[in-house]
Amino acid sequence: MSLKKTLLWRITPLSGGPDSYLFGTMHVRDLRAFRWYEIVLTYLNQCTVFATEFNFSELDGRALAETLHLPEGQTLDKMLRPGVWKGLERIAQQRLGFSAALLKYQHPMAVNTLISSSLLAEEAAQSLDETLWSYAQAAGKLMIGVESFEDQLNTIRSIDLEHQVAGLTWLVKNFVHQKKRLHKLMRWYEAGDLQQLYKAAKKDAKGMRRVMLYDRNYNMAVKFVEVAKTQSLFCAVGAGHLPGEKGMLRLLKKAGFKVKPVSADITTGAHLIQATN
């Protein structure tokens, strides 16, 4: 499937039925991600059901904390090589404002995400997907997830620690490069360049693509189809889940839906989020 540069797609049953929409989002508070906000609300308002990856009302902070806590007897300072741990300490002090010792019981992936998030601006009160959720809820939409929160926890649990350690080690050794890379991702996101975002997602998930991308794409597409056959659905999931041979767009097309890009003028959307927080 040749992709146009847009993050928003109209999904319609070939057999007839309401238009639904699939939007590629980001879990960031950087205002560059909100360039799509205005056009997204136009189509979200036309739908009766709103979905994110999981129903945010199912969020269980305690279960998440337990899932992201290392197994008994393991600590991050022992899992990383001494030089990498020293580098992590320096980064934690500079970017997070506290010692890496406070992170030593956390899964490497959680630490990786925390540090990477600190490299982007946090200008909005909530991330883009959380902001859309809050808007849809206030608008009285039926709120669902195309995964369950437990599904998300199980995905985290299935990512082996060796893979996570390798990822965090790479981040510490390539910290400056990662900052440049994240800002490049933001530019691709602003431009709606799904192909580049997909390449980045595949690279990040190397060795775990089935667990982190392909299986989840399939499960989320199944749920999307179940709802969109009879109801107008606006679904916002991570942009990396949309493209590719095993991406949601292709899966929805195979399931009997017409998949069309929605062109958007996003030159004026970013300022609107500032007025809503």
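Residues numbered from 1 in each chain as written. Predicted model: local features only at pLDDT ≥ 70, side-chain atom pairs only at ≥ 80, totals over all residues. Heavy atoms only, no water.

K.L.:
Before we go on, may I ask you to explain the overall build of the protein in this structure?
P.N.:
Each helix and strand counted, the protein has 13 helices and 6 strands in total. For 277 residues, the compact-globule formula gives about 19 Å, and the C-alpha radius of gyration of the protein, at 19 Å, lands near that figure. Oriented by its inertia axes, the alpha-carbon framework of the protein measures out at about 60 × 35 × 35 Å. Once local pairs closer than 6 in sequence are excluded, the contacts in the protein between residues at least 24 apart make up 81%. Carbon and sulfur atoms provide 51% of the accessible area of the protein, an area that totals close to 13500 Å². In the protein, 36 positive and 26 negative side-chain charges are present, and the distance between their average locations comes to 9 Å. (Helix = DSSP H or I, 4+ residues; strand = E, 2+ residues; numbered from the N terminus. Rg over C-alpha atoms; globule rule 2.2 N^0.38 Å. Contact = heavy atoms within 4.5 Å. Areas by Shrake-Rupley, 256 points an atom, 1.4 Å probe, with all protein chains shown as cover. Lys, Arg positive; Asp, Glu negative; His and termini not counted. Charge placed at Lys NZ, Arg CZ, Asp CG, Glu CD.)

K.L.:
I would appreciate a short explanation of the packing of aromatic side chains in the present structure.
P.N.:
Aromatic rings considered in pairs are described by the distance between their centres and by the relative angle of their planes. A complete count under the given rule lists 9 aromatic pairs for this structure. With a centroid separation of 6.3 Å and 65° between ring planes, the pair formed by phenylalanine 50 and tryptophan 133 is classed as edge-to-face. Taken together, the positions of phenylalanine 50 in strand E3 (residues 49-54) and tryptophan 133 in helix H6 (residues 128-138) put the pair 83 residues apart, joining distant regions of the chain. When sorted by exposure, phenylalanine 50 lands in the same class as tryptophan 133, which is buried. Both rings, one in phenylalanine 56 and one in tryptophan 133, keep their centres 5.1 Å apart while their planes meet at 40°; by these two values the pair is tilted. One end of the pair, phenylalanine 56, is in the loop between E3 and helix H2 (61-67); the other, tryptophan 133, is in helix H6, with 77 residues separating them in the sequence. For the pair formed by phenylalanine 56 and tryptophan 133, the shared burial category is buried. Ring pairing ties together the aromatic residues Tyr21, Phe23, Tyr43, Phe50, Phe54, Phe56, Trp133, Phe149 and Phe234, which thus form one cluster. (Phe/Tyr/Trp six-rings, centres within 6.5 Å; stacked < 30°, edge-to-face > 60°. Buried < 20%, exposed > 50% of the residue type's maximum accessible area, 1.4 Å probe, protein only.)

K.L.:
Looking at this structure, how should I read the sheet that holds strand E1 (residues 8-13)?
P.N.:
Sheet strands pair by backbone hydrogen bonding; their relative direction is either parallel or antiparallel. In spatial order, the strands read E4-E3-E5-E2-E1-E6; together these 6 strands make up an open sheet with mixed pairing. What marks the edges here is a single partner per strand, and that holds for strand E4 (142-147) and strand E6 (257-261). Recorded for the sheet is a direction-independent mean angle of 25° between the axes of neighbouring strands. Two elements, E1 and strand E2 (residues 20-25), share 4 bridges in a ladder whose sense is antiparallel. From the neighbouring strand, tryptophan 9 faces E2, where its bridge partner is leucine 22. Running at roughly 145° to E4, helix H11 (residues 209-228) makes contact with E1, E2, E3, E4, strand E5 (233-238) and E6 of the sheet. (Pairing = 2+ DSSP bridges. Axes fitted to C-alpha atoms, helices over the stretch in contact; angles between N-to-C directions.)

K.L.:
Where do I start with the nonpolar core in this structure?
P.N.:
A general tendency of soluble globular proteins is for nonpolar side chains to be buried together. Residues Leu22, Phe23, Leu88, Leu132, Tyr189 and Phe234 are the most contacted members of the largest nonpolar core, which totals 81 residues. Counting 5 residues, the second largest nonpolar core, distinct from the first, contains Tyr198, Ala201, Leu213 and Tyr214. (Core = buried A, V, L, I, M, F, W, Y, C linked by side-chain atoms within 4.5 Å.)

K.L.:
What should I look at first to understand the environment of valine 111 in this one?
P.N.:
Within the secondary structure layout, valine 111 lies in helix H5 (residues 108-118). The buried category is assigned to valine 111, whose relative accessible area is 1%. Distance from valine 111 to lysine 180, taken between C-alpha atoms, is 19 Å for residues 69 residues apart in sequence. Valine 111 has contacts with Leu76, Leu88, Leu103, Gln106 and Leu168, leaving out every residue within four places of it along the chain.

K.L.:
Looking at this structure, I do not really get helix H8 (residues 161-173). What am I missing?
P.N.:
In an α-helix, one turn spans 3.6 residues, which is why side chains three or four residues apart end up on the same side. Compared with the 18 Å implied by 1.5 Å per residue over 13 residues, the 18 Å span of H8 between its first and last C-alpha is a close match. Buried within H8 are the following residues: Gln164, Val165, Leu168, Thr169, Leu171 and Val172. Taken around the axis of H8, the buried residues stretch over an arc of 160°, which confines them to a single face. Opposite the buried face of H8, at more than 90 degrees from it, the exposed residues are Glu162 and Lys173. The secondary structure elements touched by the buried residues of H8 are helix H3 (76-79), helix H4 (82-96), H5, helix H7 (149-158) and helix H9 (175-191). Of the residues that open H8, the one with a side-chain oxygen 3.2 Å from the backbone nitrogen of glutamate 162 is aspartate 160. (Expected span 1.5 Å × (residues − 1). Arc of directions from axis to C-beta. Polar contact = N/O pair within 3.5 Å; in protein donor to acceptor, adjacent residues only side chain to side chain.)

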